[in-house]
Amino acid sequence: MEEIVTQLKNAVINYEMETIADLAKKAVDQGVDPLVAIDKGLAEGIKTVGERFGKGEIFLPELVMGAEAMKAALAVLEPAVPAGQHRETAGKVLIGTVQDDIHEIGKNLVSTMLASNGFEVVDLGVNVPAQDFLKKAGEVKANIVAMSALMTTTMPRMAEVIAPLKKDNPSVKTIIGGAPVTDVYAKEIGSEGYSGDASGAVDVAKKLLG
Amino acid sequence: MSYGIVRGTRFQILSKDDLDRIHWGTLHILEKVGVQVDSPTCRKLLKENGCEVDEEARSAKIPSHLVMEALSKKKSTITLAARDPKYDARLDLNHSYMCANGNGAVAVDFETGERRNSTKQDLVDSTKICDALPNVHVHWPMVSSTDVPASVVHLHDLEASLNNTGKHVMYETGVTLEDAKNLTAMGYAAAGGEKEYRRRPITSCLQCTYAPLQHDAGVMDASLEFAKNGVPLVFFTMPQPGATGPASLVGSMVVGNAEVLSALVMTQLASPGASVIYGLGIAPLDMKTTVRAGGSPEHAICSAMGTEMAHYYGMPSCVGVSGTAKEPGIQAAMDTYTGCVGPLLAGADLMCGIGLLEDSSCLHLEQVVIDNEIVGAIARLIRGEWADDDTLALDVIEKVGIGKNYLAQKHTMKYLRTDHFMPTLVDRRSEDAWSTTGKKTMRDSAREKVKEILATHKVPGLPDGANRDLAAIIEKAKKPLWGGESKVH
């Protein structure tokens, strides 16, 4: 039993995107506690991958492949978690690119970085209207709402989310980012968090919840 | 002397076979994979003309014959007319022109050094500087006026640009149909009416496609409106090799080419003969920092290949250069030089652009002046050399004879003006002379130049009547956006 958990960990470390789902199924069939498989297997694996990336030992595609492997296994293991039990995470982040903006890559990188650092990420995709951010933030009980905008014309959409969000739930933190977004702008629209790149977003998220 | 950079020396990256293969590969992708077209108007247009359109996926597969038809309707020479006609930039596949970079949202305050949101005054200052610099030929609004209401930022940017330079103004991205109408109207007003504008378009618009293989609805609707109104367009593709395009540069060229050609198809179907420039700025995603590697050698090579691709189709190119340096200095100079020299050697028609740091985000006025100097040096590098009676100078060599010098020859004075680059910032004095005048760095000299330009350079603004029209267009377009939040910040 312990062996298959280690195998799951190694499958993430070795980016076994295609075969890890079968391994996860095998774990469930063998009666391994899905939460143990996630915490001691997948989470440990992605932590190692994230650390290697942080040290500059591996490159972004390797980190993304590690995250993809984890995602494939989670798709099998999460539904097997008994009702009422939850996995331990560093926090829950709701993320998306704001309305009228279809830029995806920066937002996806932040998602990957957060996931590889133990956060649970709910990704709403691109062109997300304010009301969707607000509705989902309540639904999934997000600790952080993260928004991306790549155009000066769509930046104000972030302010449109932050004001009502804070009114509904003052404890929710926000992080904003994207090419034209600055720390100065973040302060002006009342966002606690800002990051100029994807790696920085993880530190910001940790600080906000720490 | 003609305006712009005269090109003599060329280097070639892709062979004719390579270009053929990229072209055929692109046609294959357009037919087999297609592109996402978010605009229902454009999907309808494509469907009516024989494309296989999937309404649910919002995608269109484009048959090769439509691409070839669109290419047969394109223009090969496009003149970006200027308010002051001596600055007309004729993109004729034989001259190169430089733009300053554009649409940054941050500026480092020239007086206080504070890094802050950019303002309309920053745009006015940088526009004046670009007007004064000899190696910035076409104007891009360098930063956004983030201190005006969000709904009219682009319009204020255009107003400030038109009033502070006599050079052609290319604005980047009109992202809604309404934007397109207002920006067109402002161009007409500044030119003295639609008829005069159509004869001499003093503005143009650069539109970005979205990698991989996507066209935003607002951008394409606006593009068709611009084309109808006689506003020249650039379709600018920016896949990032390894992220939003294949890691092989040529693979990303295919993705980019498919985006530009599909945009060209839609534009030429709607407005046959519309002026469209082939735009491309492909820089990899840096796989360690997750930042776009602007100013990298790959960026330069892609801009060079983009130019070769454009010229293969007989279209003028507009290709990118940028830098990731955080302050004026050694890295910034390296980024600009690396990013510019390759594409200019390959014959880039229009290069955008110099002067912004942090990958096209942050304005430092000194950097604009420094980059102007770098472009001047490159212009000399690529001008080309030739041997004729006058350059061979056999008569002069004979006259001077053995062991004398050429200082007092008329031939020397003549060729000094044409063959020798005369720097304005590069300091070639002796160490002794340099240290007795305060050991000024290039950045110090650039600051002095900025101060001098801002204090002395005068640009005649638009006539009062035109300015009243512009103000009226802006006032009418101003509206509270999204629940009263009416400013960018």
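What you are looking at is a predicted structure, and each value in this text was computed from that prediction instead of being measured. (Residues numbered from 1 in each chain as written. Chains lettered and ligands numbered in written order. Predicted model: local features only at pLDDT ≥ 70, side-chain atom pairs only at ≥ 80, totals over all residues. Heavy atoms only, no water.)

Asker: What's the story with the pairing of strand 4 (residues 173–177) of chain A in this structure? I'm lost.
Answerer: The side chains of a regular strand alternate between the sheet's two faces. Residue and element names in this part refer to chain A. Burial analysis of strand 4 places 4 of its 5 residues in the buried class, the great majority of the element. Strand direction decides the pairing type here: strand 4 and strand 5 (residues 193–194), joined by 2 bridges, are parallel. Each bridged residue has a counterpart across the sheet, and for isoleucine 176 the counterpart in strand 5 is tyrosine 194. In terms of handedness, the path from strand 4 via helix 8 (residues 183–188) over to strand 5 forms a crossover that is right-handed. (Buried < 20%, exposed > 50% of the residue type's maximum accessible area, 1.4 Å probe, protein only. Helix = DSSP H or I, 4+ residues; strand = E, 2+ residues; numbered from the N terminus. Pairing = 2+ DSSP bridges. Right-handed = clockwise from strand over helix to strand, strands pointing away.)

Asker: Please clarify how the packing of helix 2 (residues 40–48) of chain B against helix 9 (residues 249–270) of chain B should be interpreted in this entry.
Answerer: Helix-helix packing: each pair is described by the crossing angle between the helix axes and the interaxial distance. All names here are of chain B. It is at 10 Å that the axes of helix 2 and helix 9 come closest, and there the two elements cross at 80°. In terms of their interaxial angle, helix 2 and helix 9 are classed as roughly perpendicular. Together, Cys42, Leu45 and Leu46 of helix 2 and Val265, Met266, Leu269 and Ala270 of helix 9 make up the contact between the two elements. Taken together, the residues that form the contact of helix 2 with helix 9 break down as 7 nonpolar, no polar and no charged. (Axes fitted to C-alpha atoms, helices over the stretch in contact; angles between N-to-C directions. Parallel < 35°, antiparallel > 145°, perpendicular 65-115°, else oblique. Contact = heavy atoms within 4.5 Å. Nonpolar A, V, L, I, M, F, W, Y, C, P; charged D, E, K, R; others polar.)

Asker: Teacher, can you tell me more about the domain arrangement of chain A here?
Answerer: Size of an interface, as often reported, equals the accessible area lost when the parts are brought together. All names here are of chain A. Split into domains, chain A comes out as domain 1 (2–80) and domain 2 (91–209). Just the C-alpha atoms count here: the centres of domain 1 and domain 2 sit 26 Å apart. Both sides of the domain 1 and domain 2 interface together cover about 590 Å² of buried area, and 80% of this is carbon and sulfur. Joining domain 1 to domain 2, the criterion identifies 0 salt bridges. At the surface where domain 1 touches domain 2, the tally comes to 0 residue pairs in polar contact (both at pLDDT 80 or more). (Domains from an automatic or database assignment. Buried area = accessible area lost by both parts, 1.4 Å probe. Salt bridge = Lys/Arg side-chain N within 4 Å of Asp/Glu carboxyl O. Polar contact = N/O pair within 3.5 Å; in protein donor to acceptor, adjacent residues only side chain to side chain.)

Asker: I tried to follow the sheet that holds strand 16 (residues 350–354) of chain B on my own but got confused; where do I start?
Answerer: Hydrogen bonds between backbone groups are what pair the strands of a sheet, and the pairing can be parallel or antiparallel. Residues and elements named next belong to chain B. Spatial strand order, 1-7-16-15-14-13-11-10: 8 strands in an open sheet with mixed pairing. Taken across any chain shown, the strands that pair with only one partner, and hence form the sheet edges, are strand 1 (5–6) and strand 10 (169–172). On the sheet, helix 9 packs against strand 13 (233–237) and strand 14 (276–280) and is oriented at approximately 150° with respect to strand 13.

Asker: Explain the confidence of the model for chain A to me, please; I cannot follow it from the model alone.
Answerer: Caution applies to low-pLDDT parts of the model: their predicted coordinates are not meant to be read in detail. For chain A, per-residue confidence averages 91 on the pLDDT scale, and 100% of positions sit at 70 or higher. Mean pLDDT in chain A bottoms out at helix 8 of chain A, which sits at 88, and peaks at strand 3 (residues 144–148) of chain A, which reaches 97. (pLDDT = per-residue confidence, 0-100.)

Asker: Would you take a moment to explain the packing of aromatic side chains for this structure?
Answerer: Aromatic ring pairs: the centre-centre distance and the angle between the two ring planes describe each pair. Residue and element names in this part refer to chain B. Inspection of the entire model under this criterion finds 6 aromatic pairs over all chains. Consider the rings of tyrosine 3 and tyrosine 87, whose centres lie 5.5 Å apart with planes at 50°: the pair is tilted. Taken together, the residues span a long stretch of sequence, with tyrosine 3 in the segment before strand 1 and tyrosine 87 in the loop between strand 5 (78–80) and strand 6 (89–91) at a distance of 84 residues. By relative accessible area, which is 16% here, tyrosine 87 ends up buried. Here tyrosine 278 and tyrosine 313 contribute two aromatic rings whose centre-to-centre distance is 6.4 Å and whose plane-to-plane angle is 35°, an arrangement assigned as tilted. Separated by 35 residues along the polypeptide, tyrosine 278 in strand 14 and tyrosine 313 in the loop between helix 10 (297–312) and strand 15 (317–320) bring together distant segments of the chain. Of the two residues, tyrosine 278 and tyrosine 313, both sit in the buried class. When the ring centre of tyrosine 87 is taken as reference, the NZ or CZ atom of lysine 167 above it lies at 5.2 Å. Arginine 447 extends its terminal NZ or CZ atom over the ring of phenylalanine 110, reaching a point 4.0 Å from the ring centre. (Phe/Tyr/Trp six-rings, centres within 6.5 Å; stacked < 30°, edge-to-face > 60°. Lys NZ or Arg CZ within 6 Å of the ring centre and 35° of its normal.)

Asker: Could you clarify how one ought to interpret helix 6 (residues 177–191) of chain B in this entry?
Answerer: An α-helical turn contains 3.6 residues, so a residue and the one three or four places further along point in the same direction. Residues and elements named next belong to chain B. Compared with an ideal rise of 1.5 Å per residue, which puts 15 residues at 21 Å, helix 6 spans 21 Å between its outermost C-alpha atoms and is within 8% of the ideal. In terms of burial, helix 6 is largely enclosed, as 11 of its 15 residues are buried. Against the buried residues of helix 6 lie helix 5 (153–164), strand 10, helix 7 (194–199), strand 11 (203–208), helix 8 (217–228) and helix 18 (464–477). Positive phi appears at glycine 192, one or two residues downstream of helix 6, with a value of about 95°. (Expected span 1.5 Å × (residues − 1).)

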